[in-house]
Amino acid sequence: MTTQQLHEQILQKKSFLCVGLDPDLEKMPQHLLETEDPIFEFNKAIIDATHDLTVGYKPNTAFFEAYGIKGWMSLQKTINYINENYPDIFTIADAKRGDIGNTSSMYAKAFFEDLNFDSVTVAPYMGKDSVEPFLAFENKHTIMLALTSNEGAFDFQTLNTGGKELYKQVLETSKTWKNSENLMYVVGATKAEYFAEIRKIVPDSFLLVPGIGAQGGSLSEVCKYGMNDKIGLLVNSARAIIYASKGTDFAEKAREQALKVQLEMAEIIDSKF
Ligand SMILES: O=C(O)c1cc(=O)[nH]c(=O)n1[C@@H]1O[C@H](COP(=O)(O)O)[C@@H](O)[C@H]1O
């Protein structure tokens, strides 16, 4: 998918919501645990209930890998289900990969070719040759961690390195890499006050913004400082949507929560564009 197609979908749906698919058997409704593949059944129900309100789905691979080979098969079924039934929706494999070049190439193949995700999250710590193999794929996107939503973001990312905070150096340097137009960046919603500075360095890039909902970030603050003239945001929420209810009405309640966020987004889009 191209960023232009993503932008068009955002305008059409009046949404820049990305629903996080972080399936946890302990938080799922009891009746699903009796099915053959509870993780897939859970995801499928959430996807069917929210697809018109969201422009992206972000399965976090940890929540699948934790269940071994069965979990990986549920991930494959989930991405295939989205690609077959809702092919316009942008998909993110939240795997936070990155390694020496030949290893990164294999990670890229796993997520872009084998599983056919539109994008994958990547950590920048190992530098240029660990990220460029992901960037080589046409119409696929590499979403690099810039300033994350957690408390530990202040351990390294905001450290002053040669007169500049490390996350700013990461953003600036990444722009010089081959095929850097295929980069997007993760910026936590809990760090809204940093968005203006980030937009000075990457004015046109899409930002994946996790941290509204369960982590307490503010959608309106993120939009105030982070939106560009093409919107340029994908705001992720997982737990606050997918675990809105533990009963048989879980998908319906997930839709209600997604709708609340989408309506807020529509209002913001209407007021700005
Ligand atoms: O890369 C991510 O998606 C990510 C980066 C970040 O800085 N913070 C963050 O919460 N995430 C992920 O976004 C999701 C947030 O989930 P909720 O807090 O339940 O909405 C989880 O899958 C996290 O792993």
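Let me sum up the structure you'll find in this document. (Residues numbered from 1 in each chain as written. Predicted model: local features only at pLDDT ≥ 70, side-chain atom pairs only at ≥ 80, totals over all residues. Heavy atoms only, no water.)

### Observations regarding the pattern of salt bridges
- In total, this model carries 13 salt bridges according to the counting rule given.
- A salt bridge links K58 to D94; its shortest N-O distance comes to 2.8 Å. In this pair, K58 is assigned in strand β2 (residues 56-59) and D94 in strand β3 (residues 90-97), connecting sequence segments 36 residues apart.
- Two residues, K200 and E197, come together in a salt bridge whose shortest N-O distance is 2.8 Å. Taken together, the positions of K200 and E197, both in helix α10 (residues 195-201) and three residues apart, correspond to about one turn of that helix.
- The exposure class of K200 is exposed, given its relative accessible area of 62%. (Salt bridge = Lys/Arg side-chain N within 4 Å of Asp/Glu carboxyl O. Helix = DSSP H or I, 4+ residues; strand = E, 2+ residues; numbered from the N terminus. Buried < 20%, exposed > 50% of the residue type's maximum accessible area, 1.4 Å probe, protein only.)

### Description of the packing of aromatic side chains
- Under the definition given, this model contains seven aromatic pairs.
- Judged by centre distance (5.9 Å) and plane angle (80 degrees), the rings of F40 and Y81 are edge-to-face. Taken together, the residues span a long stretch of sequence, with F40 in helix α3 (residues 38-50) and Y81 in helix α5 (residues 68-85) at a distance of 41 residues.
- Accessibility expressed as a relative area gives 14% for Y81, which makes it buried.
- Consider the rings of F42 and Y243, whose centres lie 5.6 Å apart with planes at 20 degrees: the pair is stacked. (Phe/Tyr/Trp six-rings, centres within 6.5 Å; stacked < 30°, edge-to-face > 60°.)

### Comments concerning the site of the ligand
- Within the structure, the ligand sits among 15 residues, and D22, S149, Q215, A238 and R239 are positioned closest to it.
- S149 has a polar side-chain atom sitting 2.6 Å from a nitrogen atom of the ligand.
- In the environment of the ligand, an oxygen atom lies 2.6 Å from a nitrogen or oxygen atom belonging to the side chain of R239.
- Within the complex, 90% of the 510 Å² of free accessible area of the ligand lies under protein.
- Looking at the shell around the ligand, the elements that each hand over two or more residues are β3 and β8 (233-237). (Near = heavy atom within 4 Å. Polar contact = N/O pair within 3.5 Å; in protein donor to acceptor, adjacent residues only side chain to side chain. Areas by Shrake-Rupley, 256 points an atom, 1.4 Å probe, with all protein chains shown as cover.)

### Considering unusual backbone geometry
- At N139, a position not held by glycine, the phi torsion is positive, near 55 degrees.
- As for its position among the elements, N139 is in the loop between α7 (128-135) and β5 (141-147).
- A relative accessible area of 37% places N139 in the partly exposed class.

### Quick look at the pairing of β8
- The buried fraction of β8 is high, at five of five residues.
- Here β8 shows two buried faces, one formed by L233, V235 and S237 and the other by L234 and N236.
- Alignment of strand β1 (residues 17-21) against β8, held across three bridges, turns out to be parallel. When the bridges of β8 are listed, C18 appears paired with N236.
- In this sheet, β8 lies alongside strand β7 (residues 207-210) in parallel orientation, the contact comprising four bridges. (Pairing = 2+ DSSP bridges.)

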